[in-house]
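Per-entry structural report
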Amino acid sequence: MTWDEMAPLLVESTLQTAQMILLSTLFTVLIGLPLGVALVVTDRGGLFPSPTLNRVLGVIVNIGRSLPFIVLMIAVIPLTRLIVGTTIGTIASVVPLTLGAAPFFARLVETALREVGRDKVQAAQAMGASRTTIVNKVLLPEAMAGLVAGLTVTVVALISYSAMAGAIGGGGLGDLAIRYGYQRFETTLMVITVIVLIAIVQLVQTLGDVVARRLARH
């Protein structure tokens, strides 16, 4: 296979991977961030203590984190078909990607929020701040560097997940590597695909580290 033949395939697959990652990251944050906050504030001694709810949320998160991604993709095929209308393609892959990453990100959010000093929360309470205000104006801003670091780790995991999604027709670079690199023995294309994936991960990790360091200084 010549470069002229490989280039369009690489561009198309890279754009598909970028689409999968961007959409699944968006939905992961929309689900995982509130879930992580809920795990902290409903704990004993939290702002909205509810041990029963906290245990239920903890079980849900642990179940989501315990399933290997390839198993999760197969298990949620009916849900994917219900939401998207198909189980094949880039958009369809967003459903299992989100369900796989959201519990993981929720635990990272929980860890970041627990690192916020208890004295800052108590100071806000002493000034008469409401519990919702404390979450929005104290906990989240103070934990922002940790949240960005956690999001960076999650995005890197999503890149890995998106490559595995190609195994069952999810599209993207993983699908390209399987169809051409493995099934058609196009070693050169396989190597280039690996290099592109490594480059994407390095870019995401570097940007995330830079932003997290800057936030940590404030």
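Numbers given for residues are sequential positions, taken from 1 along each chain in its written order. Where totals are concerned, whole chains, interfaces and linings use all residues; where local detail is concerned, this predicted model gives features only for residues with pLDDT of at least 70, and gives and counts side-chain atom pairs only at 80 or more. Only hydrogens and water are removed before side-chain values are computed, so all heavy atoms of the structure are retained for them.

It is worth spelling out the nonpolar core at this point. Residues belong to a common nonpolar core when they are buried Ala, Val, Leu, Ile, Met, Phe, Trp, Tyr or Cys residues joined through side-chain atoms within 4.5 Å. Burial classes: relative accessible area under 20% of the type maximum marks a residue as buried, over 50% as exposed, and values in between as partly exposed (1.4 Å probe, protein chains only). Val-37, Leu-47, Leu-113, Val-135 and Leu-139 are the most contacted members of the largest nonpolar core, which has 18 residues in total. Numbering of helices and strands runs from the N terminus; a helix is a DSSP stretch of H or I covering at least four residues, while a strand is a stretch of E covering at least two. Listed by contribution, the elements that provide at least two residues to this core are helix 1 (3-41), helix 5 (90-114), helix 6 (118-126) and helix 7 (131-142). The dominant element in this core, judged by the number of residues it contributes, is helix 7, at five residues. Setting aside residues up to four positions removed in sequence, Leu-113 forms contacts with Gly-36, Val-37, Val-40, Leu-139, Leu-140 and Ala-143. Counting residues in hydrophobic clusters, the runner-up holds 12 residues, among them Leu-9, Ile-21, Leu-176 and Ile-200. Here, residues are in contact when the closest pair of their heavy atoms is within 4.5 Å.

The next subject is the UniProt feature "transmembrane region" (unreviewed entry) in the protein. UniProt positions are given in the numbering used here, feature names are shortened, and annotations may be inferred rather than shown by experiment. UniProt's feature table lists "transmembrane region" (unreviewed entry) at residues 20-41, 53-77, 83-106, 147-169 and 189-212, given in the numbering used throughout. For residues 83-106, the end-to-end C-alpha separation is 22 Å, with 79% helix and 0% strand making up the annotated structure. Within residues 147-169, the helical portion is 83% and the strand portion 0%, while the C-alpha atoms at the span's ends are 32 Å from each other.

What a helix should span is 1.5 Å times the count of its residues minus one. For helix 2 (residues 51-66), spanning 16 residues, the distance from its first C-alpha to its last is 22 Å, which sits close to the expected 22 Å at 1.5 Å a residue. Listed as buried for helix 2 are Asn-54, Leu-57, Gly-58, Val-61 and Gly-64. For helix 2, the buried positions fall inside an angular range of 130 degrees around the axis, keeping them on one side. Structural note: helix 2 exposes Thr-52 and Ser-66 on the side pointing more than 90 degrees away from its buried face. At its buried positions, helix 2 is contacted by helix 1 and helix 5. To be clear, the arc concerns the directions from the helix axis to the C-beta atoms.

Glancing now at the confidence of the model for the protein. In the predicted model, the protein carries a mean pLDDT of 89, and the fraction of residues at 70 or more is 100%. Mean pLDDT values over the elements of the protein span from 82, in helix 9 (residues 172-182), up to 93, in helix 5. How sure the predictor is of each residue is captured by pLDDT, a score from 0 to 100.

Here the focus is the side chain of Thr-154. Of note, Thr-154 is situated in helix 8 (residues 144-165). We classify Thr-154 as buried; its relative accessible area is 1%. Polar contacts here mean pairs of N or O atoms no more than 3.5 Å apart (in protein, one a potential hydrogen donor and the other a potential acceptor; neighbouring residues in sequence count only if both atoms are side-chain atoms). Separated by 2.8 Å, the side chain of Thr-154 and the backbone oxygen of Gly-150 make a polar contact. Setting aside chain neighbours within four positions, we find Thr-154 in contact with Thr-28, Ala-101, Phe-104, Phe-105 and Leu-108.

Below, the discussion takes up the packing of helix 1 against helix 10 (residues 187-217). Where helix 1 contacts helix 10, the axes come no closer than 11 Å and their chain directions differ by 35 degrees. In this structure, helix 1 meets helix 10 at a crossing whose hand is right-handed. Contacts between helix 1 and helix 10 pair Trp-3, Met-6, Leu-10 and Thr-14 from the former with Thr-188, Leu-189, Ile-192, Thr-193, Val-196 and Ile-200 from the latter. For the contact of helix 1 with helix 10, the class distribution of residues is seven nonpolar, three polar and no charged. To get an axis, a line is fitted to the C-alpha atoms, and for a helix only the part in contact is used. The angle between two axes follows their N-to-C directions and goes from 0 to 180 degrees. Here a crossing is taken to be left-handed if its near helix is turned anticlockwise relative to the far helix by less than a right angle, and right-handed if that turn runs clockwise. Charged residues are taken to be Asp, Glu, Lys and Arg, nonpolar residues to be Ala, Val, Leu, Ile, Met, Phe, Trp, Tyr, Cys and Pro, and polar residues to be all remaining types, Gly included.

Basic side-chain nitrogens of Lys or Arg form a salt bridge, by our definition, when they fall within 4 Å of a carboxyl oxygen of Asp or Glu. Summed over the entire model, instances satisfying the criterion amount to five salt bridges. For the salt bridge of Arg-107 with Glu-110, the shortest nitrogen-to-oxygen distance reads 2.7 Å. Of this pair, Arg-107 and Glu-110 both sit in helix 5, three residues apart, roughly one helical turn. Across this residue pair, the class does not change: Arg-107 and Glu-110 are buried.

A word on the packing of helix 6 against helix 7. The relative placement of two packed helices is expressed as an angle between their axes plus a distance between the axes. Put simply, helix 6 and helix 7 touch, their axes get as near as 10 Å, and they point 160 degrees apart. With respect to helix 7, the element helix 6 is oriented roughly antiparallel. Classified by chirality, the crossing of helix 7 by helix 6 is right-handed. Each of Lys-120, Val-121, Ala-124 and Gln-125 in helix 6 lies in contact with helix 7, whose residues at this interface are Ile-134, Val-138, Leu-139 and Glu-142. Of the residues contributing to the contact of helix 6 with helix 7, the split by class is five nonpolar, one polar and two charged. Angles below 35 degrees are treated as roughly parallel, those above 145 as roughly antiparallel, those between 65 and 115 as roughly perpendicular, and all remaining angles as oblique.

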